[in-house]
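The residues making up each chain are set out below.
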Number of protein chains: 2
Amino acid sequence: MLQGGYTGKILRVDLSRKEAHTEELSPEFAKGYIGGAGFGIKTLYDEVPAGADPLGPDNKLIFASGPLSGSDTPCASRMAVTSKSPLTGAVGMATTGGFFPAELKFAGYDALIVEGTAASPMYVTINDGDVQFRDAAGLWGTHTSDCQQMIKDSLKDQGYRIACIGPAGENLSRLACIINERRAAGRKGLGAVMGSKNLKAIAVRGHGEIAVADPDAYKTARSSFREHMRESPVLYSAFAKIGTPMVVDVLGAMGMLAAKNWQATGEFVPVDELGTEAGKAVTVGRNPCQGCPVACSQLKLARNAPYTGIMAEGPEFESLYSLGTQCGVDNMDAIIAADRLCDELGLDTMSAGVTIGFAMELSERGALSAIDSGDLDISFGNDRAMMALLEKMAYRDGIGDLLADGVKEAAERIGGDAAYYAMHVKGLELPAYDVRGAKAHGLNYATSYTGADHNRGYAFQEIFGIPIPKEVDRFALEGKGELCKWNQDMRTATCDCPTMCAFLLDMAVPAVAAENAAALLTSLTGVSFTAEEVFQVGERVNNLARAFNAREGFSRKDDTLPDRLMNEPLLVGGSKGHHIPQEDLDLMLDDYYTARGWDVATGTPTRAKLEELGLASVADDLGV
Amino acid sequence: MLQGGYTGKILRVDLSRKEAHTEELSPEFAKGYIGGAGFGIKTLYDEVPAGADPLGPDNKLIFASGPLSGSDTPCASRMAVTSKSPLTGAVGMATTGGFFPAELKFAGYDALIVEGTAASPMYVTINDGDVQFRDAAGLWGTHTSDCQQMIKDSLKDQGYRIACIGPAGENLSRLACIINERRAAGRKGLGAVMGSKNLKAIAVRGHGEIAVADPDAYKTARSSFREHMRESPVLYSAFAKIGTPMVVDVLGAMGMLAAKNWQATGEFVPVDELGTEAGKAVTVGRNPCQGCPVACSQLKLARNAPYTGIMAEGPEFESLYSLGTQCGVDNMDAIIAADRLCDELGLDTMSAGVTIGFAMELSERGALSAIDSGDLDISFGNDRAMMALLEKMAYRDGIGDLLADGVKEAAERIGGDAAYYAMHVKGLELPAYDVRGAKAHGLNYATSYTGADHNRGYAFQEIFGIPIPKEVDRFALEGKGELCKWNQDMRTATCDCPTMCAFLLDMAVPAVAAENAAALLTSLTGVSFTAEEVFQVGERVNNLARAFNAREGFSRKDDTLPDRLMNEPLLVGGSKGHHIPQEDLDLMLDDYYTARGWDVATGTPTRAKLEELGLASVADDLGV
């Protein structure tokens, strides 16, 4: 019997039949998967058959808040959204913050499983135990902020928290995200899954509270966690004031700020224009998630024509890259406007920007000459073209249709050597960190179960020089397999499952992340966890995700990096001379698979490892 | 002692001193002025000295909901916002709906008087009895929808209702409005008054209820009122389904839909593009005011590039004219986008659109050749230029600075014969109704205390053929003085003061409007009113407003119409051959002043009339 933290209830919603019902969450599940991404991936593995069309009725979409979400543990209003990704064909799991995750708990549910396909545009409202299927004909086509306000007004309750898609999701762009408030479950095309189900939005309102199994122990654990936060050398002193844009400065100094579609020339490093000081100058407010004392989220306002008056949450660091350096744009106002536009259209800023940068390079190389781009001058630095392309991608208008599904798909349609310039892994466009200068980070891009995803195994050791679990040389290959595994499992275990903001792992309490999670989870939920058990949940979930991908045909051959990173050493800057040739990647992969206990030839989990993790039936499924 | 309907409390806020205090509302005031516009204009007359700079610290801004507002009488969440208008120099009173008006009552106040000037950008929060003065540095420059959301997020309460200005108000455009939710106190530059006071927003949250003095009588009065609403031949059957855009069809058929800056050619009548059926095709939802069963407000969505995905409340009929026909634009999507842009910038759609149409005509006539308009092609039908000019006006950018204060000011700066093409009365740009075909409507434009304001004395008899108080010929001059007075006093008495949505007077219950108001007010408030007394409040308020204007130097000479309407008969259509030459206007003015008991030579209220209305001290002030 679950005593606290968990509501103990899963809401399952069938859009085809307009039926909702509630299922119990078992203590065994809690112990084995904690929640959040653990719940999502377990459900995905169990319920979405191999070969299912990600945009077909067999795919499911799982919104899962962890047991910490909605409690008064700081920074825990997070949620994992999981589906089979239409962008990668692999596990698509993205996390989001804001208020929706906690509200789902207040409404009485640990998770929401969406299945089937609505016959026509629909939205679902959840008000405590009351679930309604409502006509979304009038919402179809709206921007995400309008959509959210329309729903609140329509329901006559401004307190609803809403996750929705924009036009990009409706038009099945595989770069579409899910927006809740000003937050996004951004990557892997999860917005297209919602769109394919004709599901415009989910509105949640809850009035419940999160129970605590052992109040005294929980109070102690929470105090200890807060103390660890205060002890962080960067969390309140820098990160809370500047937010993620501080990484522009960090990567600029390291020669790792990717620009202009990852050309190795390194001549575009606009730290003065896009970094910390530039960010401060345009910041007009904060936008913290529920229960967050850090409030890293910045609201930024453009003050110069033609973007005057446009405000965005962010642009976060990754958007400063994707809509900035990647496209050769160093106009902060343009990036603010593009960021907001992406949020309104429901486009992933990262994949969308990377795709536009890709188009810009191809255009400059003449490879788009056969393609009608109207009167657009698609070249690096043209922010007006960037804005226009974002619109075209969301509406699949002209050349936007070619780009709406990301670089991998576009490169295949363009042909020639376009694939060489397509910066992705498994179809997921690369995040900002030029991993030629950070090998474990690169290894994570190659091996993450979601594709090139900095959020599944962030090598903060290499980026910030934090010596936990040990000191590392970012250029070295040695030990990076083990480190990558640790980062992936720790992130999953302490952030994606409980759920908890990833920044707290990266910047505050990495040394004791598992201990903190164990103490908080045990006291809050009544399910006993050691730090080792918490960490092992991370490993279990990563193995299960890998098994899902293996079942879909993924193997070692897919654990790769774009050719450019293998072939073109950086020419200048703090990572000058570095790249990741195939032999280096192979060496790290060997180490990684070995550290994971996976078959080194195929990269598939072994029976031994799966049995060790209690996943014997998965071994049966995989025939290993 | 006030028993119900009224909270009995006025909140007075001094921005200079950051002080707030509460004053009592007296039964004498209730009996004499009811509330809303009555309260606003009485306060303006008593407290704002003659010659005060409308954008200076001596001007005040009064937000007054009437006693019906916040009650369960339908359609009563209305509020009068009153100030000395920076656009006209006369009384600036505009009404708005939505939720703010009722929320102010729930917070415990009948009215809010804002005085002084904040030293730096500020916003005021009112949570029941708690009033706070807060720094608005981060809100300054934001669009109105962002501003409202930022405040709700910042206050951690999504239930706040917020009235705010956009960049236009900050930049003191005399066309700036005040936006609450998606509603506007649109005209007379009230947003510039807020801007001049450095007041970005007022956020109100209330948890109180409206008391009822005589529940049984009130229930009867309310039932009767609802029955009258149901009996209306148009309210639920047509108006509730189509909203104000149905007037496009009506005026098109009458040859009274002004277009292209009121040229008499009449060749631009885009009823198919902008009328009822076109409106239905783009309507995606409703946006009713608090407590409104009619829900005339339509949400409309643009679905064609380059405006795809832009949604607006409206465009209401007047915006279909000002941003449509007046500018030669028949692209519904462009008008939706322009309407939304105006709302975000905090620009009055009507005055802004009329001003752009004025610029388009001057440009086509070559009168703007000496003025740098960048690369804009300012000509009728160019919707992209219209969008660009709206931005430029709000930010006073280039030619936008010339246009930011409306046609009267722009014509003076341009010189030559520009004034001939400036369509305004007393500085307020004309509403859509081409009054060459509706004489009482024209007389109201000429005489309304706010300038050319269709909302202060709407001649529904001429527009809709409603024979109340009697049947009229819209082309006739006879009896229009009396009719205009009746319309002005009835509107003020039954809508602007109690407060009540004006559409209910125009379209539902004109025959019994005063009787309904008397029954509702008496039973709700405990202050006894006959229908005659209600009507007399309307007359009293109109006289007091006229006295304020007289004190500012306004007289019969200012009760005029644009030269074009006096000189150019309509060439085609249902009002072909009609205009209002000076002698016709003079004839109507004589009748009007006589009906009002005012001095016919000067148009100033006489002592006899003022004493009849209990305004002897006003007669003393005026020296009459």
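Novice: Can you walk me through the interface of chain A and chain B in this structure?
Specialist: Many analyses report the size of an interface as the accessible area lost when the parts associate. Contacts between the two partners involve 26 residues from chain A and, on the opposite side, 26 residues from chain B. The contact between chain A and chain B buries some 2100 Å² in all, and 47% of this surface belongs to carbon and sulfur atoms. Viewed at the interface, chain B and chain A are joined by 4 salt bridges. Here R182(B) makes a salt bridge to D146(A), at a shortest N to O gap of 3.9 Å. In this assembly, chain A and chain B are joined by 8 residue pairs in polar contact (both at pLDDT 80 or more). Listed by contribution, the elements that provide at least two residues to the side of chain A that touches chain B are α4 (144-154), β14 (298-301) and α15 (383-395) of chain A. Along the lines of polarity and charge, the residues of the side of chain A that touches chain B split into 8 nonpolar, 10 polar and 8 charged.

Novice: Looking at this structure, I do not really get helix α13 (residues 332-345) of chain B. What am I missing?
Specialist: Residues spaced three or four apart along an α-helix point in a common direction, a consequence of the helix completing one turn every 3.6 residues. Residue and element names in this part refer to chain B. The end-to-end C-alpha distance of α13 is 20 Å, a good match for the 20 Å that 14 residues give at a rise of 1.5 Å each. The buried fraction of α13 amounts to 14 of the 14 residues, a majority that puts the element mostly inside the structure. For α13, the N-terminal cap is N331; the gap from its side-chain oxygen to the backbone nitrogen of D333 is 2.9 Å. G346 sits one or two residues past α13 and shows a positive phi near 70 degrees.

Novice: What am I meant to see in the domain arrangement of chain A here?
Specialist: All names here are of chain A. Here the domain parsing of chain A yields domain 1 (9-205), domain 2 (243-423) and domain 3 (435-561 + 581-622). Relative to domain 2, the C-alpha centre of domain 1 lies at a distance of 26 Å. Each partner contributes to the interface: domain 1 provides 29 residues, whereas domain 2 provides 31 residues. Of the roughly 2400 Å² buried between domain 1 and domain 2, counting both surfaces, carbon and sulfur atoms make up 52%. Summed over the shared surface of domain 1 and domain 2, the number is 2 salt bridges. Of the charged contacts, one joins R187 and D348 as a salt bridge, the two residues approaching to 3.1 Å between their closest N and O atoms. Put simply, domain 1 and domain 2 have 17 residue pairs in polar contact (both at pLDDT 80 or more) between them. Every element with two or more residues in the side of domain 1 that touches domain 2 is listed here: α3 (100-106), α4 and α5 (167-170). With 3 residues, α5 is the single largest residue contributor to the side of domain 1 that touches domain 2.

Novice: Is there a simple way to explain the side chain of D146(A) in this structure?
Specialist: Within the secondary structure, D146(A) sits in helix α4. For D146(A), the side chain forms a polar contact with the side chain of R340(B), separated by 2.9 Å. Setting aside residues no more than four positions away along its own chain, D146(A) makes contact with R182(B), M311(B) and R340(B).

Novice: Would you mind showing me how to read the pairing of strand β7 (residues 122-127) of chain A here?
Specialist: Regular strands place side chains that alternate from one sheet face to the opposite one. All names here are of chain A. The buried fraction of β7 amounts to 5 of the 6 residues, a majority that puts the element mostly inside the structure. Pairing geometry for β7 and strand β8 (residues 130-135), over 6 bridges, is antiparallel. Among the inter-strand pairings, V124 is bridged to a residue of β8, identified as F133. Where β7 folds back onto β8 in an antiparallel hairpin, the turn is made up of 2 residues, including D128, whose phi is positive at roughly 50 degrees.

Novice: Just checking my understanding: could you explain the sheet that holds strand β10 (residues 178-180) of chain A for this structure?
Specialist: Two strands in a sheet stick together by hydrogen bonds in their backbones, pointing the same way (parallel) or opposite ways (antiparallel). Residues and elements named next belong to chain A. Taking strand neighbours across the sheet as the criterion, the 6 strands line up as β8-β7-β12-β9-β10-β11 in an open arrangement whose pairing is mixed. Pairing within the sheet leaves two strands with one partner each, and these edge strands are β8 and β11 (183-185). Sheet twist, expressed as the mean angle between neighbouring strand axes with direction ignored, is 20 degrees. Strand contacts of α4: β7, β9 (161-164), β10 and β12 (199-205), with the helix running at about 135 degrees to β9, the strand carrying the most contacts.

Novice: Is there a simple way to explain the confidence of the model for chain A in this structure?
Specialist: Any region with low pLDDT has predicted coordinates that should not be read closely. Averaged over all residues, the pLDDT of chain A is 96; the fraction at 70 or higher stands at 100%. Scored as a whole, the predicted complex attains pTM 0.96, and scored at its interfaces, ipTM 0.94.

Novice: Hey, could you run me through the sheet that holds strand β15 (residues 311-313) of chain A in this one?
Specialist: Residue and element names in this part refer to chain A. Taken in spatial order, the 3 strands of this open sheet run β13-β14-β15, and their pairing is antiparallel. The outermost strands of the open sheet, each flanked by one partner alone, are β13 (283-286) and β15. Sheet twist, expressed as the average angle between the axes of neighbouring strands with direction ignored, equals 25 degrees. Here β13 pairs with β14 via 3 bridges, running antiparallel. Each bridged residue has a counterpart across the sheet, and for T283 the counterpart in β14 is K300.

Novice: Mind showing me how you'd approach the pattern of salt bridges here?
Specialist: When the charged atoms of two side chains lie near each other, side chains of opposite charge can form a pair. Residue and element names in this part refer to chain A. Per the stated rule, a full pass over the model turns up 90 salt bridges over all chains. Taking the shortest distance from any N to any O, the salt bridge between E115 and K60 comes out at 2.8 Å. With E115 in strand β6 (residues 111-115) and K60 in the loop between α2 (37-47) and β3 (61-65), this residue pair connects regions lying 55 residues apart in the sequence. Accessibility classification places E115 together with K60 in one group, the buried group.

Novice: What am I meant to see in the relation of the copies chain A and chain B here?
Specialist: Between the two copies of the chain lies a rotation about an axis combined with a shift along it. Overlaying chain A with chain B gives an RMSD of 0.0 Å, the required rotation being 180 degrees about an axis along which the chain moves by 0.0 Å. Seen this way, the second copy is the image of the first under a two-fold rotation axis. When C-alpha positions in chain A are compared against the rotation axis, the closest is assigned to Q158(A), at 2.7 Å. The overlap is high: 100% of the interface residues of chain A also sit at the interface in chain B, so the same surface is used on both sides.

Novice: For this particular structure, what's the right way to read the nonpolar core?
Specialist: Where a protein is soluble and globular, its nonpolar side chains tend to be buried together. Counting residues in hydrophobic clusters, the biggest one holds 166 residues, and the most contacted among them are L347(A) and F358(A). Setting aside anything within four residues of it in sequence, one finds L347(A) in contact with A168(A), S173(A), L175(A), A176(A), C177(A), C342(A), A352(A), L390(A), M393(A) and A394(A). By size, the runner-up hydrophobic cluster in this structure holds 163 residues, among which are M360(B), A394(B), A422(B) and C495(B).

Novice: For this particular structure, what's the right way to read the packing of helix α20 (residues 480-496) of chain B against helix α25 (residues 582-596) of chain B?
Specialist: All names here are of chain B. Where α20 contacts α25, the two axes come as close as 7 Å, and the packing angle between them is 55 degrees. By the angle between their directions, the pair α20 and α25 is classed as oblique. Note that α20 runs across α25; the crossing there is right-handed. Between α20, through K480, G481, E482, C484, K485, Q488 and D489, and α25, the contact on the second element is made entirely by M588, D591, Y592, A595 and R596. Partitioning the contact of α20 with α25 into residue classes produces 4 nonpolar, 2 polar and 6 charged.

Novice: What am I meant to see in the environment of C75(A) here?
Specialist: Residue and element names in this part refer to chain A. Here C75 is to be found in the loop between β3 and β4 (79-84). Taking relative accessible area as the criterion, C75 reaches 6% and is therefore assigned buried. The sequence separation of C75 and M500 amounts to 425 residues, and the corresponding C-alpha distance is 6.0 Å. The contacts of C75, once residues within four sequence positions are left out, are M229, G291, C292, P293, V294, M500, C501 and L504.

Novice: I tried to follow the environment of L44(A) on my own but got confused; where do I start?
Specialist: Residue and element names in this part refer to chain A. With respect to the secondary-structure elements, L44 resides in helix α2. Given the relative accessible area of 0%, L44 is considered buried. Between the C-alpha atom of L44 and that of A550, which follows or precedes it by 506 residues, the distance is 14 Å. Not counting residues within four places of it along the chain, the set of residues in contact with L44 comprises N59, I62, T82, S83, K84, V91, F548 and R551.

Conventions we followed
Residues numbered from 1 in each chain as written. Chains lettered and ligands numbered in written order. Predicted model: local features only at pLDDT ≥ 70, side-chain atom pairs only at ≥ 80, totals over all residues. Heavy atoms only, no water. Contact = heavy atoms within 4.5 Å. Buried area = accessible area lost by both parts, 1.4 Å probe. Salt bridge = Lys/Arg side-chain N within 4 Å of Asp/Glu carboxyl O. Polar contact = N/O pair within 3.5 Å; in protein donor to acceptor, adjacent residues only side chain to side chain. Helix = DSSP H or I, 4+ residues; strand = E, 2+ residues; numbered from the N terminus. Nonpolar A, V, L, I, M, F, W, Y, C, P; charged D, E, K, R; others polar. Expected span 1.5 Å × (residues − 1). Buried < 20%, exposed > 50% of the residue type's maximum accessible area, 1.4 Å probe, protein only. Domains from an automatic or database assignment. Pairing = 2+ DSSP bridges. Axes fitted to C-alpha atoms, helices over the stretch in contact; angles between N-to-C directions. pLDDT = per-residue confidence, 0-100. Least-squares fit on C-alpha atoms with pLDDT ≥ 70 in both. Core = buried A, V, L, I, M, F, W, Y, C linked by side-chain atoms within 4.5 Å. Parallel < 35°, antiparallel > 145°, perpendicular 65-115°, else oblique. Left-handed = near helix turned anticlockwise from the far one by under 90°.

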